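Observations on the model geometry
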Amino acid sequence: MTDCLFCKIVSGDVPAEIVRESAGTVAFRDINPQAPTHVLVIPREHHPTAAELAAADAGLLAEVVREAHQVAVDEGVADGGYRLVLNTGAQAGQTVFHVHAHVLGGRGLNWPPG
Ligand code: AMP
Ligand code: ZN
């Protein structure tokens, strides 16, 4: 999708601090971090939401989750615990409609979230 911000990060047209890449995914630091570790993991292919990705390619969704865990390991937050967030829809706070898993860690995280 030519007008999608995260497709432009995948193609290199928009810069990002990439921390990890796999065949199907790219992981980069969130520009407005909400925790000491705040990384976004996205599929290279454009899918708007987690549910649409699951329906189109369940294996790719699994790759996103595996990569998110590896980011947490690399960042040193996997043992203490981290949160994986997939905002879906405007009311839940989704602002970029290219599915992305937020990896949040490095501080205590309240439950339930706001
Ligand atoms: P969401 O609100 O779940 O759609 O998450 C979108 C996230 O993308 C937000 O946390 C933003 O801070 C982040 N974001 C927006 N633009 C960029 C960018 N150019 N590079 C990195 N992160 C971004
Ligand atoms: Zn996209």
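Residues numbered from 1 in each chain as written. Chains lettered and ligands numbered in written order. Predicted model: local features only at pLDDT ≥ 70, side-chain atom pairs only at ≥ 80, totals over all residues. Heavy atoms only, no water.

So, the environment of Thr 37
Following the sequence through the fold, Thr 37 ends up in strand β3 (residues 37-43). Judged by its relative accessible area of 4%, Thr 37 is buried. The contact partners of Thr 37, leaving out residues within four places of it in the chain, are Glu 75, Val 77, Val 103, Leu 104 and Gly 105. Polar contacts involving the side chain of Thr 37 include one to the side chain of Glu 75, which spans 3.2 Å. (Helix = DSSP H or I, 4+ residues; strand = E, 2+ residues; numbered from the N terminus. Buried < 20%, exposed > 50% of the residue type's maximum accessible area, 1.4 Å probe, protein only. Contact = heavy atoms within 4.5 Å. Polar contact = N/O pair within 3.5 Å; in protein donor to acceptor, adjacent residues only side chain to side chain.)

Some remarks on the site of ligand 1
Around ligand 1, the surrounding shell holds 16 residues, and the nearest of these are Asp 30, Asn 87, Gly 93, Thr 95 and His 102. Asn 87 is positioned with one of its side-chain polar atoms (N or O) 2.9 Å from an oxygen atom of ligand 1. Backbone polar atom of Thr 95 to an oxygen atom of ligand 1: 2.7 Å apart, as the coordinates give it. In the complex, 83% of the free accessible area of ligand 1, which totals 510 Å², lies under the protein chains. At three residues, helix α1 (residues 5-11) tops the list of elements feeding residues into the shell around ligand 1. The residue inventory of the shell around ligand 1, partitioned by class, reads seven nonpolar, seven polar and two charged. (Near = heavy atom within 4 Å. Areas by Shrake-Rupley, 256 points an atom, 1.4 Å probe, with all protein chains shown as cover. Nonpolar A, V, L, I, M, F, W, Y, C, P; charged D, E, K, R; others polar.)

Examining the sheet that holds strand β1 (residues 18-21)
In space, the five strands of this open sheet follow the order β1-β2-β3-β5-β4, with antiparallel pairing throughout. Looking at strand neighbours, the two that pair on one side only are β1 and β4 (82-85), the edges of this open sheet. When strand polarity is set aside, the average angle formed by the axes of neighbouring strands in this sheet is 20 degrees. One ladder, built from five bridges, connects strand β2 (residues 25-29) with β3; its direction is antiparallel. When the sheet's bridge partners are listed, Ala 27 is paired in β3 with Val 41. (Pairing = 2+ DSSP bridges. Axes fitted to C-alpha atoms, helices over the stretch in contact; angles between N-to-C directions.)

So, the environment of Gly 105
Locating Gly 105 in the fold gives a position in strand β5 (residues 101-105). Under the relative-accessibility criterion, Gly 105 is labelled buried at 0%. Taking the C-alpha atoms as reference points, Gly 105 and Tyr 82, separated by 23 residues in sequence, lie 4.5 Å from one another. Once you skip the residues sitting within four places of it in the chain, Gly 105 turns out to touch Ala 35, Pro 36, Thr 37, Val 77, Gly 81 and Tyr 82.

Re the pattern of salt bridges
Pairs can form between side chains of opposite charge whenever their charged atoms are close. A complete count under the given rule lists five salt bridges for this structure. Here Arg 29 makes a salt bridge to Glu 75, at a shortest N to O gap of 2.9 Å. Of this pair, Arg 29 sits in strand β2 while Glu 75 sits in helix α3 (residues 58-75), placing them 46 residues apart in sequence. According to the relative accessible area criterion, Glu 75 is partly exposed, its value standing at 26%. (Salt bridge = Lys/Arg side-chain N within 4 Å of Asp/Glu carboxyl O.)

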